[in-house]
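# Per-entry structural report
Residues per chain, in single letters:
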Amino acid sequence: MADCLFCKVVAGEIPARIARRTADAVAFYDIDPKAPVHVLVIPTRHVPAVRNAVGPEGEALLGRLLAFSAEVATELGLDERGYRIVTNTGPDAGQSVDHLHLHVLGGRRLGWPPG
Ligand code: AMP
C-alpha cells in the first residue's frame, strides 16, 4: 500500500535492520526498542491489523507469522529466559502503524499486566 510505513520497509524504500526474511514475512528491529531485544514481525503483504486476517488465508498467515516469530526469538537467543509476542490492535491498544505487526520482546523481565 502506497502510504504504509511498513510496506516501505518490505520494499526496502526506508532503511530497517532486518533480522530475518522469508517470502511472506519480514522481521526487523524496532526503531524505538522497549526491551533489550525488540523485533517486529510483519507480513510482506499489506494487512492492517490482526482483525483483518480472516478466513483460511488469514488463519494460515497468522500461524506462519507466529511460528516465524518464535523462530526469530530462538535465533536471537531468547529461548532460555523467555520472551513475549504481542500485537496491538486499534486505538485502545495503542496501535500506531496500520500494518499488522507482532512485537517480539525479550532480554529483560517483562511486567504483567501491560500498562
Ligand atoms: P504499535 O505501536 O504496536 O503500532 O507498534 C509500532 C512500532 O513500530 C513501534 O514500536 C515503533 O517504535 C515502531 N516503528 C515505527 N517506525 C519504525 C521504523 N521506521 N522502523 C522500525 N520500527 C518502527
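Data block above holds the structure.
Our subject in this report is the structure included herewith. Just so we're clear, the structure is a prediction, and the values are computed from it rather than from any experiment.

## Regarding the environment of D32
Relative to the elements of secondary structure, D32 occurs in the loop between strand 2 (25–29) and strand 3 (37–43). In this structure D32 comes out as partly exposed when scored by relative accessible area, which is 45%. Between the alpha carbons of D32 and T87 there is a distance of 16 Å; along the sequence they are 55 residues apart.

## Focus: the site of the ligand
Every one of the 17 residues lining the ligand counts as a neighbour, but D30, N88, S96, H101 and H103 are closest to it. Here a nitrogen atom of the ligand sits 3.1 Å away from a polar atom, N or O, in the main chain of I31. Within the side chain of H103, an N or O atom sits 2.8 Å from an oxygen atom of the ligand. Look at the ligand: alone it shows 510 Å² of surface, and the protein chains cover 86% of it. Those elements that provide at least two residues to the shell around the ligand are helix 1 (5–11) and strand 2. For the shell around the ligand, the class distribution of residues is eight nonpolar, six polar and three charged.

## Some words on the packing of aromatic side chains
Tallied over the full model, the rule gives one aromatic pair. We note R17 situated over the ring of Y29; from NZ or CZ to the ring centre the distance is 3.9 Å.

Criteria and thresholds
Residues numbered from 1 in each chain as written. Predicted model: local features only at pLDDT ≥ 70, side-chain atom pairs only at ≥ 80, totals over all residues. Heavy atoms only, no water. Helix = DSSP H or I, 4+ residues; strand = E, 2+ residues; numbered from the N terminus. Buried < 20%, exposed > 50% of the residue type's maximum accessible area, 1.4 Å probe, protein only. Near = heavy atom within 4 Å. Polar contact = N/O pair within 3.5 Å; in protein donor to acceptor, adjacent residues only side chain to side chain. Areas by Shrake-Rupley, 256 points an atom, 1.4 Å probe, with all protein chains shown as cover. Nonpolar A, V, L, I, M, F, W, Y, C, P; charged D, E, K, R; others polar. Phe/Tyr/Trp six-rings, centres within 6.5 Å; stacked < 30°, edge-to-face > 60°. Lys NZ or Arg CZ within 6 Å of the ring centre and 35° of its normal.

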